[in-house]
Every structure is written in structure tokens, then in C-alpha cells.
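Structure at a glance
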Amino acid sequence: DNSLCVKVDAPIYCLSHSTHNKKGDFFFGGGGGSSKTGVPNLMERMSLKQIASPKKLILELDNISSLSERLKDSVHSLDIHPNGETILYSEATKLTYLSLLDNSVQKTFDLSSDISKITFDSSGSQFAVGTHEGKVIIYNSETFESICELFQKETGKATGIKGICFHPNKKMIMTTSGQKKLNIWDISTLSLDFSLQHEMNFRSCQYLDKGKKIVTAMVSLGSHSGVIIWAEKLNEKGKVIGYQNIFSKEKLTKNTITSLAVSCDENLLGVGTSEGEIICIEAKTLKVISLHRPHQWIVSDLCFVIPSKEINKVVQDGKNGAIKGDNNNNKNKNNNNDKK
């Protein structure tokens, strides 16, 4: 359905949607580095709207609010503040905190390593930045002061951060570098509270059920990928002493999982793969609800968008990027138009 597809002239790497935003607006970023490649850099606002006649959903690119002209490099990670008024985005080693009310820059940070992940906590009072060197830096969103730094190591050496997620209580943070370990840190003490380990690699992670559960996307390179739900493990006094695997679907797909999303009501999980698949899963049972392949290349990011139940995907095809929304009324539409 072309009304749910927008094509741009550069690769797209990331997107973000504010849970407080009831309009269906979201941002996406990408680009080719302009001065290095001649391919433009991108950071744009999109709107998912419902029209009355004919009754359907459409995607619209908001060119008026284009932020792309301010970019010096491609955007590989971004996140919108929960209040929807500010946005964080990265260009290589540079991090920018931007007001969406007047497009003014509130703060810039220059890190020593390329940035791989950015995320706010649930209130927006702090944000975390993960780097390709395995470092996670947590900042206060009001003062922009560094609260703490964590360092993720695997097999004795630093590896790039693939996943970051704040606990709903904002006192702990979960990190993974795409290998066989997931760490849960106490932010105030910098202590490693818990470490989850598995024979498969942890690709990404999200908290569920007010932090009582964790969902992780798992990858066994060259073999299969899947999803695991972990739950708090309590001692006789009711204290959390770890997390245990309560159910899993470790062979969800033969392809590599590249992205994971959780719907705001936590009823659905969305998984993107290296072969352009989008798999929608029931969170409580891990039952596959739908599987589509609307893209020809890696699904680098995805998210569920309010107020609709549409899921938006971002892919890079080497030359161009596309954002699409799957409409449940148009199942398994694979046609030549998807080659874009």
C-alpha cells in the first residue's frame, strides 16, 4: 500500500516516537555523510494520519520541519524525550540535544568514540549514550552533567553497545554488547547487580511488566534467532536475586534479528531481521501473529506508533531508505514496488 510508504534519497538507520505524542508523529534519521559521499544526511518528522474518504491510514513527510540542513554527518541513533518537546541525535562522535519547539540547540557533546545507542529513561530526567568502545555514559537531562560511566567488557575486551534500557524505577540500567552476556547495573553505586548469560548472543533488550520481566532478542550467528522472556527470581524474603528464563522461542527465524520493539501496552513485540522480515509476536505467549517481508535489506530499527496499531520499519538498501507501515488489512503484499 503506497499510502503507507515514503521513499527518501538516502539510507535510513533509526527512528523514534514519543509515547506522549498522540498525533502519530515520529522522527527518522540517516544519510550518507554528504561531504564524504555526496549522499544527503537526514533527520525528518513523519506523521501517520487517518483520512475519512477513503477511510485509510497514510504516511506524510513534514518537509516544513525538516532538520536535515543542520547535519554535518549521517544520523545513526536518536530518541525523543517522553514529553515530545526535545530530541537527542548522534552524528558519529557528536551528540546534540535539540528543542523541537523552536529547533534550537540546547547542548552538544563531543565524545571520543562513535555513538551506537541513545535512550531516555521513562520520565526523561536522564539519558544514556552507548559507544562503539563499550562505554555507557548517563547524563542528567536538565543540567547535562555526567552522572556516571559504565564500561561493558566481553572476553576481556571492550565491544560496542548494542542495547541500553533504563529500569522503570530509573535506578538501574541494562546493557548488552551483542555477545553472550547482558548486564544490569545500579546507577548510584556503579555496581553490577545481575548478569544474564546464554549460549546465544544478546542483540537487544527491553523491560516489561514494570521491570519484573525482560524481553531479549537472541542471535546464534549463521544458524537462527529468537526471543526470550526473563522474570525476576526472588528469595524467601521477596528480594530480587536475579532473572530466570521463563519461556522462549529461540528458533523464531533462520535470519539474524537486527531490531526489537515493544508496544506501549506491552501486548505485542515487533522483530526485524537481516533479510527484511517484520515479525509481530504476542508478548505473553510468543505466538507469531504475522510475518511479512516488505523490505529487501536489513531492518535497522522499528517501533510501534500511537494511536494506530501500525508498526513502522526502517531499512537501509545501500542507496535509498524507505519507511513503511504494515496494514493488517493488506496481508503479505509482496510486489515489485517493495524493491524500492
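Residues numbered from 1 in each chain as written. Predicted model: local features only at pLDDT ≥ 70, side-chain atom pairs only at ≥ 80, totals over all residues. Heavy atoms only, no water.

**Description of the overall build of the protein chain**
Check the secondary structure of the protein chain and you find zero helices and 30 strands. Sorting the 340 residues of the protein chain into buried and exposed places 54% on the buried side. At a minimum sequence separation of 6, the contacts of the protein chain that also span at least 24 residues come to 44%. (Helix = DSSP H or I, 4+ residues; strand = E, 2+ residues; numbered from the N terminus. Buried < 20%, exposed > 50% of the residue type's maximum accessible area, 1.4 Å probe, protein only. Contact = heavy atoms within 4.5 Å.)

**What to know about the packing of aromatic side chains**
A full pass over the atoms with the stated rule returns 10 aromatic pairs. Where Phe 109 meets Tyr 139, the ring centres are 4.7 Å apart and the plane angle is 50°; that geometry is what we call tilted. Taken as a pair, Phe 109 in strand β9 (residues 105-110) and Tyr 139 in strand β12 (residues 135-140) lie far apart in primary sequence, 30 residues in all. By the burial criterion, Phe 109 is buried, and Tyr 139 matches it. With 5.8 Å between their ring centres and 65° between their planes, Phe 120 and Phe 127 make a pair best called edge-to-face. Neither Phe 120 nor Phe 127 differs from the other in exposure class; each is buried. An aromatic cluster is present here, built from Tyr 97, Phe 109, Phe 120, Phe 127, Tyr 139 and Phe 144 joined pairwise through their rings. When the ring centre of Phe 109 is taken as origin, the NZ or CZ atom of Lys 107, which lies over that ring, is 6.0 Å away. (Phe/Tyr/Trp six-rings, centres within 6.5 Å; stacked < 30°, edge-to-face > 60°. Lys NZ or Arg CZ within 6 Å of the ring centre and 35° of its normal.)

**Structural notes on the pairing of strand β23 (residues 240-253)**
Looking at chain direction, strand β22 (residues 224-234) and β23 are connected through nine bridges and run antiparallel. Opposite Ile 229, over in β23, you have Phe 247 as the bridge partner. Hairpin geometry of β22 and β23 is characterised by an intervening segment of five residues between the two adjacent antiparallel strands and by a positive phi of about 85° at Gly 238. (Pairing = 2+ DSSP bridges.)

**Remarks on the sheet that holds strand β26 (residues 278-282)**
Through backbone hydrogen bonds, the strands of a sheet pair up, either in parallel or in antiparallel fashion. Reading across the sheet, the four strands line up as β24-β25-β26-β27 and stay open at both edges, with antiparallel pairing between neighbours. Strands with a single pairing partner mark the edges of an open sheet, and in this sheet they are β24 (257-262) and β27 (288-292). Taking each pair of neighbouring strands and ignoring which way they run, the sheet shows an average axis angle of 15°. (Axes fitted to C-alpha atoms, helices over the stretch in contact; angles between N-to-C directions.)

**Some details on the sheet that holds β9**
Within the open sheet, the four strands sit side by side as β6-β7-β8-β9. Their pairing is antiparallel. Only two strands of the sheet have a single neighbouring strand rather than two, namely β6 (75-80) and β9. On average, each strand axis in the sheet is inclined to that of its neighbour by 15°, with strand direction left out of account. Across six bridges, strand β7 (residues 86-91) lies against strand β8 (residues 94-99) in antiparallel orientation. Residue pairing in the sheet places Leu 88 in a bridge with Tyr 97 of β8.

**Topic: the pattern of salt bridges**
Evaluation of the coordinates by the stated rule reveals two salt bridges. With its nearest N and O atoms 3.7 Å apart, the salt bridge here joins Glu 149 to Lys 135. Remark: Lys 135 occurs in strand β12 and Glu 149 occurs in strand β13 (residues 146-151); sequence separation between them is 14 residues. Here Glu 275 and Arg 293 are joined by a salt bridge, their closest N and O atoms 3.6 Å apart. On the criterion of sequence distance, the pair formed by Glu 275 in the loop between β25 (268-273) and β26 and Arg 293 in the loop between β27 and β28 (299-304) is long-range, its members being 18 residues apart. Exposure remark for Glu 275: the relative accessible area of 33% places this residue in the partly exposed category. Given the relative accessible area of 37%, Arg 293 is considered partly exposed. (Salt bridge = Lys/Arg side-chain N within 4 Å of Asp/Glu carboxyl O.)

**Considerations on unusual backbone geometry**
Positive phi, close to 65°, is recorded for Phe 144, a residue that is not glycine. Residue position: Phe 144 is located in the loop between β12 and β13. Classification of Phe 144 as buried rests on a relative accessible area of 17%.

**What about the nonpolar core?**
Counting residues in hydrophobic clusters, the biggest one holds 16 residues, and the most contacted among them are Met 174, Ile 184 and Tyr 243. Elements with a minimum of two residues in this core: β17 (172-176), β18 (181-186), β19 (192-197), β20 (201-208), β21 (213-220) and β22. Among the elements that line this core, the one with the most residues is β20, at three residues. Look past the residues within four positions of Tyr 243 in its chain and what remains in contact with it is His 167, Ile 184, Phe 194, Leu 196, Tyr 207, Gly 211, Lys 212, Ile 214, Trp 230, Ala 231, Glu 232 and Lys 233. (Core = buried A, V, L, I, M, F, W, Y, C linked by side-chain atoms within 4.5 Å.)

**What to know about the confidence of the model for the protein chain**
Overall, the predicted model of the protein chain reaches an average pLDDT of 84, with 83% of residues at or above 70. Every residue in residues 307-319 scores below 50 in pLDDT, and together they form 72 contacts with partners more than four places removed in sequence or on other chains. pLDDT under 50 marks residues 325-340. Its contacts with residues more than four places away, or in other chains, come to 31 contacts. (pLDDT = per-residue confidence, 0-100.)

**Quick look at the pairing of β12**
One ladder, built from five bridges, connects strand β11 (residues 126-131) with β12; its direction is antiparallel. From the neighbouring strand, Ala 128 faces β12, where its bridge partner is Ile 138. The hairpin turn running from β11 into β12, its antiparallel successor, is three residues long, and Gly 134 in that turn takes a positive phi close to 90°. As judged from the five bridges shared by β12 and β13, these two strands associate in the antiparallel manner. Within the sheet, the bridge partner assigned to Lys 135 lies in β13 and is Phe 151. Hairpin connection from β12 to β13: five residues lie between these consecutive antiparallel strands, with Phe 144 at a positive phi of about 65°.

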